[in-house]
Amino acid sequence: MSVMDLKREDGATGGRYLVTIDGHTAEMTYSKAGATRIIIDHTGVPDALRGKGAGQALVKRAVEDARTAGIKIIPLCPFAKAQIEKHPEWQDVLA
C-alpha cells in the first residue's frame, strides 16, 4: 500500500481532512455545531483512489481527533456514517 499523507485544515466554522496517495487527493469536510460537535457532511474520493483505504483513513482520523478533543461526531455524509457503523470501536464518538 502507498504511503498516505493525511492533513487536517481547521477553521472557525468547519474544516476538512485531506489524504494524498500517489498524487491523488481525497477529502472529507465538516462543519462545527457548537463547541462540542462536528458534522461530517461530505467525503470525496477520486476514482484513482477507490479501494485504497483513503476514505476510511479520513474517517478514522476524524474519530481519533474527536476523542482527543472530547467532541462528538454527527455523520450526515453517507460514507462516513457507513464507516462508523462498520466499526463498533468508533461509535463512542457518535452524537
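Before going into details, it helps to say that this report is about the structure given with it. Each residue is numbered by its place in its chain's sequence as written, counting from 1. With the structure being a predicted model, the display of local features is reserved for residues of pLDDT at least 70 and the display and counting of side-chain atom pairs for 80 or more, all residues being used for whole-chain, interface and lining totals. In computing side-chain values, all of the structure's heavy atoms are included and hydrogens and water are not.

## Looking at the packing of aromatic side chains
In this description, an aromatic ring pair is defined by two values, namely the gap between the centres and the angle between the planes.
In step 1: To pair, rings of Phe, Tyr and Trp, with the six-membered ring standing in for Trp, must have centres within 6.5 Å; the planes then decide the type, stacked if under 30 degrees apart, edge-to-face if over 60, and tilted in the middle. For the coordinates displayed, the defined rule picks out 1 aromatic pair.
In step 2: On the numbers, 5.6 Å between centres and 40° between planes, the contact of Tyr17 with Tyr30 is tilted. Remark: Tyr30 occurs in strand β3 (residues 24-32) and Tyr17 occurs in strand β2 (residues 14-21); sequence separation between them is 13 residues.
In step 3: Residue classification places Tyr17 among the buried positions, given a relative accessible area of 1%. Helix and strand labels come from DSSP, where a helix needs a run of H or I of at least four residues and a strand needs a run of E of at least two; each type is numbered from the N terminus. Categorising residues by exposure relies on relative accessible area from a 1.4 Å probe, with only protein chains included: less than 20% of the type maximum marks a residue as buried, more than 50% marks it as exposed, and the intermediate range marks it as partly exposed.

## As for the side chain of Gln83
In step 1: Within the element layout of this structure, Gln83 appears in helix α2 (residues 78-86).
In step 2: Assessed through its relative accessible area of 6%, Gln83 is described here as buried.
In step 3: Contacts are assigned to residue pairs with any non-hydrogen atoms lying within 4.5 Å of each other. Leaving out residues up to four positions away in the same chain, Gln83 has contacts with Gln56, Val59 and Trp90.

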